[in-house]
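Overview (structure and organization)
This is what each chain is made of:
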2 protein chains.
Amino acid sequence: MNHNYKMIAMIPARLGSKRIPKKNIRYLGDKPLIQYPIDLCNETNSFDSIWVNTESEELGKAAKKLGVGFHRRPAELANDTATNREFVYEFLHKHECDYIVMVNTTSPLLRKETLEKFIHFINENDYDTIVSVISEKEETFYKDKPLNFSLKEKINSQFLTPVEKIVWAITAWKKETFISLQDSGVNPVFGGKLGRFCIPKDESCDLDTLEDWRIAEGVLTSRTINTKERYMDL
Amino acid sequence: MNHNYKMIAMIPARLGSKRIPKKNIRYLGDKPLIQYPIDLCNETNSFDSIWVNTESEELGKAAKKLGVGFHRRPAELANDTATNREFVYEFLHKHECDYIVMVNTTSPLLRKETLEKFIHFINENDYDTIVSVISEKEETFYKDKPLNFSLKEKINSQFLTPVEKIVWAITAWKKETFISLQDSGVNPVFGGKLGRFCIPKDESCDLDTLEDWRIAEGVLTSRTINTKERYMDL
């Protein structure tokens, strides 16, 4: 089944960042950070429209320059305590769609194929919310106790129950559900029928510190450079 | 308190790897993979001796060439089903120490400061086993259910209870405990008083596939290259 839903893409962005100033317009490798999700959304050809949701005039200008819409976020939804619950709601009131797909600028490593599979996943199902997760089979502790393994034996990690963490790289919400939950005072962020979509581990990254930034550049470089095979002489 | 324990380092290594043939002697960046843990152990100046534990003559030669010991692992402990439970036990029987520190070749990103802190952590405490973990504060699912968050609210990730996964980058065992547990048929791998030591997230990596390999090279490159700051023109 393919619902062929009407989808729009929203890229939330703020100019400020304490540890990496102006990070969204800073070059990561060969293009500014904000351009990664924009190019990605354009390349999939699946969105009715693509919007940068920001309070910043500067980022709004950047959005227009890169050929996508500028959704001016009200200043009161741009402070440190504002959550996506509020700014997604505000955005949805002004844009027609079945689903909104939020693509974060902190996900420059996301591949086109992954976003395409995500869109396919939306259309093939009928979730109200879909979060992106990374699934890992590693011995894990939670609250000082083993979660998915036993201290009494060491088993091969492929037999462990996976642990999945939300990475917020891409998120989808059904507009109707989001609005009605928020209107009735219920948190819509994980609202309704909740789906989880696995993305490859190397497509998620943090961009909190300059070190994260350098690592992301390293990973991007590694995708284009083909290492020469070389072995130790024995 | 500093116990000043006698410690030896053991680097387990096998020549074979299905997806990356001869990976331990393959160059990662500017040196062979096996040389990373060897250099690291040498640099800390904390070990009485450093050994490569392998069944491979070729890797044994590599170890000697790089100035460390070659512990020849019996062939029956080098197949796919042999676990560290068995080969650590065999190794410990032949080497005197208070603690054995296992450093994996799959951890080329580990920094000297981290290994030094780990050794300090051994000496300051009295654990029987210490595993290295990465601690993350992310919304996590386990068996289809939220583990450390509630679907009813979206809270800032800094307030989430962390989830810790074992990475096997560095592990320490007290010899006496390991031997006596194994002798009495109890699994010694997580045996006795168990400590957890957090390592920085960017010092852990997988090296299962050629893609992992390229990423590790990218990360290593990112540590030496200093990005020029450049911003989008608006």
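Residues numbered from 1 in each chain as written. Chains lettered and ligands numbered in written order. Predicted model: local features only at pLDDT ≥ 70, side-chain atom pairs only at ≥ 80, totals over all residues. Heavy atoms only, no water.

It is worth spelling out the overall build of chain A at this point. What chain A contains, in helices and strands, is six helices and 11 strands. Considering only C-alpha atoms, chain A reaches an extent of 65 × 40 × 40 Å along its principal axes. Contacts in chain A between residues at least 24 apart in sequence constitute 73% of all its contacts with a sequence separation of at least 6. As displayed, chain A offers around 10,700 Å² of accessible surface, 47% of which is attributable to carbon and sulfur atoms. Positive and negative side-chain charges of chain A, numbering 33 and 35 respectively, have mean locations separated by a distance of 3 Å. (Helix = DSSP H or I, 4+ residues; strand = E, 2+ residues; numbered from the N terminus. Contact = heavy atoms within 4.5 Å. Areas by Shrake-Rupley, 256 points an atom, 1.4 Å probe, with all protein chains shown as cover. Lys, Arg positive; Asp, Glu negative; His and termini not counted. Charge placed at Lys NZ, Arg CZ, Asp CG, Glu CD.)

A word on the pairing of strand β4 (residues 49-54) of chain A. Residues and elements named next belong to chain A. Relative to β4, strand β1 (residues 7-12) runs parallel, the two being bridged by five bridges. Of the residues in β4, the one forming a bridge with methionine 10 is tryptophan 51. Bridge analysis of β4 against strand β5 (residues 69-72) gives four bridges, and the strand direction is parallel. Looking at β5, one finds that tryptophan 51 is bridged to glycine 69. Taken together, β4, helix α2 (residues 57-65) and β5 form a β-α-β motif whose crossover is right-handed. (Pairing = 2+ DSSP bridges. Right-handed = clockwise from strand over helix to strand, strands pointing away.)

Before going further, it helps to examine empty space enclosed by the protein. What the rule picks out here adds up to one cavity of 30 Å³ or more. What the largest cavity holds in volume is close to 110 Å³. Every residue lining the largest cavity is listed: Glu136(A), Glu138(A), Thr140(A), Val163(A), Glu164(A), Lys165(A), Glu136(B), Thr140(B), Val163(B) and Lys165(B). Of all the elements in the fold, those that place two or more residues in the lining of the largest cavity are β10 (163-174) of chain A together with β10 (163-174) of chain B. The element best represented in the lining of the largest cavity is β10(A), accounting for three residues. (1 Å grid on protein atoms, 1.4 Å probe; cavity = no way out; pocket = protein on both sides within 12 Å on 5 of 7 lines; lining within 4 Å. Points joined across faces, edges and corners; volume = space filled by probe spheres on them.)

Turning our eyes to something else, we now look at the pairing of strand β1 (residues 7-12) of chain B. Residue and element names in this part refer to chain B. β1 sits mainly inside the fold: six of its six residues count as buried. Of the two faces of β1, the one lined by Met7, Ala9 and Ile11 and the one lined by Ile8, Met10 and Pro12 are each fully buried. Here four bridges tie β1 to strand β6 (residues 99-103), and the two strands are oriented parallel to one another. Counterpart to methionine 10 in the pairing with β6 is methionine 102. (Buried < 20%, exposed > 50% of the residue type's maximum accessible area, 1.4 Å probe, protein only.)

Another point: the packing of helix α3 (residues 84-92) of chain B against helix α5 (residues 175-183) of chain B. Residues and elements named next belong to chain B. Contact geometry of α3 with α5 gives a least axis separation of 10 Å together with a crossing angle of 120°. When the axis of α3 is compared with that of α5, the two are oblique. Helix-helix and strand crossings are classified by hand; for α3 and α5 the assignment is left-handed. Side by side, α3 and α5 meet where Asn84, Arg85, Val88, Tyr89 and Leu92 of the first sit next to Lys175, Phe178, Ile179, Gln182 and Asp183 of the second. In terms of residue class, the contact of α3 with α5 is made up of five nonpolar, two polar and three charged. (Axes fitted to C-alpha atoms, helices over the stretch in contact; angles between N-to-C directions. Parallel < 35°, antiparallel > 145°, perpendicular 65-115°, else oblique. Left-handed = near helix turned anticlockwise from the far one by under 90°. Nonpolar A, V, L, I, M, F, W, Y, C, P; charged D, E, K, R; others polar.)

Computed from the structure, the second largest pocket encloses a volume of approximately 930 Å³. Along its surface, the second largest pocket is lined by 40 residues, and Glu217(A), Gly218(A), Leu220(A), Thr221(A) and Ser222(A) are the ones closest to its centre. Only α1 (35-44) and α6 (210-224) of chain A together with α6 (210-224) of chain B provide two or more residues apiece to the lining of the second largest pocket.

So, on to the relation of the copies chain A and chain B. A rotation about an axis combined with a shift along that same axis relates the two copies of the chain. Overlaying chain A with chain B gives an RMSD of 0.0 Å, the required rotation being 180° about an axis along which the chain moves by 0.0 Å. Such a combination of rotation and displacement between the chain copies is what one expects of a two-fold axis. Considering only C-alpha atoms, the residue of chain A closest to the rotation axis is Gly218(A), which sits at 1.9 Å. The overlap is high: 100% of the interface residues of chain A also sit at the interface in chain B, so the same surface is used on both sides. (Least-squares fit on C-alpha atoms with pLDDT ≥ 70 in both.)

This part covers the side chain of Thr114(A). Positionally, Thr114(A) belongs in helix α4 (residues 112-124). Residues in contact with Thr114(A), not counting those within four places in the same chain, are Phe197(A), Ile199(A), Pro200(A) and Glu203(A).

This part is about the pattern of salt bridges. Under the defined criterion, the tally for this structure stands at 36 salt bridges over all chains. Of the charged contacts, one joins Asp126(B) and Lys174(B) as a salt bridge, the two residues approaching to 2.9 Å between their closest N and O atoms. Of the two residues, Asp126(B) sits in the loop between α4 (112-124) and β7 (129-136) while Lys174(B) sits in strand β10, which places them 48 residues apart along the sequence. Look at the salt bridges and you will find they share partners, linking Arg111(A), Asp202(A), Glu203(A), Arg223(A) and Glu211(B) into a network. (Salt bridge = Lys/Arg side-chain N within 4 Å of Asp/Glu carboxyl O.)

Glancing now at the interface of chain A and chain B. Of the residues lining the interface, 63 residues belong to chain A; the matching set on chain B comes to 63 residues. Taken together, both faces of the contact between chain A and chain B bury some 5,800 Å²; the carbon and sulfur share is 60%. Together, Phe141(A), Met232(A) and Leu234(A) form the three largest contributors to the area buried by chain A at its contact with chain B, with a combined 13%. Between chain A and chain B we count eight salt bridges in total. Between Arg196(B) and Asp144(A) there is a salt bridge, with the nearest N and O atoms lying 2.5 Å from each other. Our count for the chain A to chain B interface comes out at 26 residue pairs in polar contact (both at pLDDT 80 or more). (Buried area = accessible area lost by both parts, 1.4 Å probe. Polar contact = N/O pair within 3.5 Å; in protein donor to acceptor, adjacent residues only side chain to side chain.)

Within the secondary structure layout, Pro12(B) lies in strand β1. Expressed as a C-alpha distance, the spacing of Pro12(B) and Glu55(B), which sit 43 residues apart in the sequence, is 9.6 Å.

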